[in-house]
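# What the coordinates show
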Amino acid sequence: MALLTRRDTNTAGRVSWRVVAPMVAIAAVGLTACSNGQEPSSVPGTTPAVWTGVPAPAGAPGSGGGPGEGASAADRITSPLKDSHGDAAGTVSFVQSGDHLVVTVSAHGLTPGFHGLHVHSVGKCETNSVAPTGGAPGDFLSAGGHFQASGHTGHPSSGDLASLQVRQDGSADLMTTTDTITIEELRNNGAGTAIVVHAGADNFGNIPARYAPGGPDEETMKTGDAGARVACAVLK
Ligand SMILES: [Cu+2]
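The chain is annotated in an unreviewed UniProt entry as Superoxide dismutase [Cu-Zn] of Rhodococcus spelaei. Quoted verbatim from the Catalytic activity (unreviewed entry) field of UniProt, the annotation for the chain is "2 superoxide + 2 H(+) = H2O2 + O2". Here the chain is described in UniProt, under the heading Function (unreviewed entry), as follows: "Destroys radicals which are normally produced within the cells and which are toxic to biological systems. May play a role in favoring mycobacterial survival in phagocytes."

One open sheet accounts for seven strands, arranged E7-E10-E11-E3-E4-E5-E9; its pairing is antiparallel. Here the strands that pair on one side only, and so sit at the sheet edges, are strand E7 (117–120) and strand E9 (172–178). Averaged over all neighbouring strand pairs, the angle between strand axes comes to 20 degrees, with direction disregarded. Two elements, strand E4 (residues 88–97) and strand E5 (residues 100–107), share eight bridges in a ladder whose sense is antiparallel. Among the inter-strand pairings, Gln96 is bridged to a residue of E5, identified as Leu101.

Glancing now at the pattern of salt bridges. For side chains of opposite charge, pairing can occur when their charged atoms come near one another. Counted under the stated rule, the structure contains one salt bridge. For Arg167, the salt bridge is made with Asp173, and the minimal N-O distance between the two is 3.2 Å.

So, on to the coordination of the copper ion. For the copper ion, the full set of protein donor atoms is His118 (ND1), His120 (NE2), His146 (NE2) and His198 (NE2), at a range of 2.0 to 2.5 Å. Bound by four donor atoms, the copper ion shows angles of 80 to 132 degrees at the metal and therefore irregular coordination geometry. For the copper ion, the donor residues sit on a single chain with the sequence spacing H-x1-H-x25-H-x51-H. Neither His118 nor His120 differs from the other in exposure class; each is buried.

The rules behind these values
Residues numbered from 1 in each chain as written. Predicted model: local features only at pLDDT ≥ 70, side-chain atom pairs only at ≥ 80, totals over all residues. Heavy atoms only, no water. UniProt positions renumbered as here; feature names shortened; annotations may be inferred. Pairing = 2+ DSSP bridges. Helix = DSSP H or I, 4+ residues; strand = E, 2+ residues; numbered from the N terminus. Axes fitted to C-alpha atoms, helices over the stretch in contact; angles between N-to-C directions. Salt bridge = Lys/Arg side-chain N within 4 Å of Asp/Glu carboxyl O. Donors = N, O, S within 2.8 Å, 3.2 Å for Na, K, Ca; no water. Tetrahedral: all angles 85-135°; square planar, octahedral: opposite > 155°, others 65-115°. Buried < 20%, exposed > 50% of the residue type's maximum accessible area, 1.4 Å probe, protein only.

Next up, the structure:
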């Protein structure tokens, strides 16, 4: 039990301790009554964890609440993911935290395994749609190709992100960071932007020369061979 005490030293040099905040003991009794199985501790730094320094960066672990808590609206995008049936499939958030973005994805209803995850260059998430460049329709092809920040042309594309690993129950949670795009670039792109979850894993163009002596082909460089698009969120 935590009691706030004060160290006193009398004129003879003897040290004594006395309780100066008995209310703390009452609060501790209240905690003991909780049924969450956690025991209160008198040791600083143990459960519950408390941020005692400067405010945590927006979106960082320990900043309180969910990612983006504390960030201004200008520094944050939060959008609903939808699947190929048009149903809710989770949420995504992008929070500018100094010189980088904190990207958080929470998804459900997906196939277990790794899924390619990228920012795409058109802010449209339409099922059974045609790509801006034409061709046969497919789910979320309306979102166009991978997003490139102004002046960037290489691979990986600016909007390529760490892959989403889906658990056996179809849900996934990911927090990652990137400094290849900014909130302003996502929000101010002329055609808008979207984040797309692909059906398959992204190989990031990493095809060994023994399989492709001439290097990965154009299709691999475009998509990382991540295949069809299974979930999408417009970023705005
Ligand atoms: Cu993609």
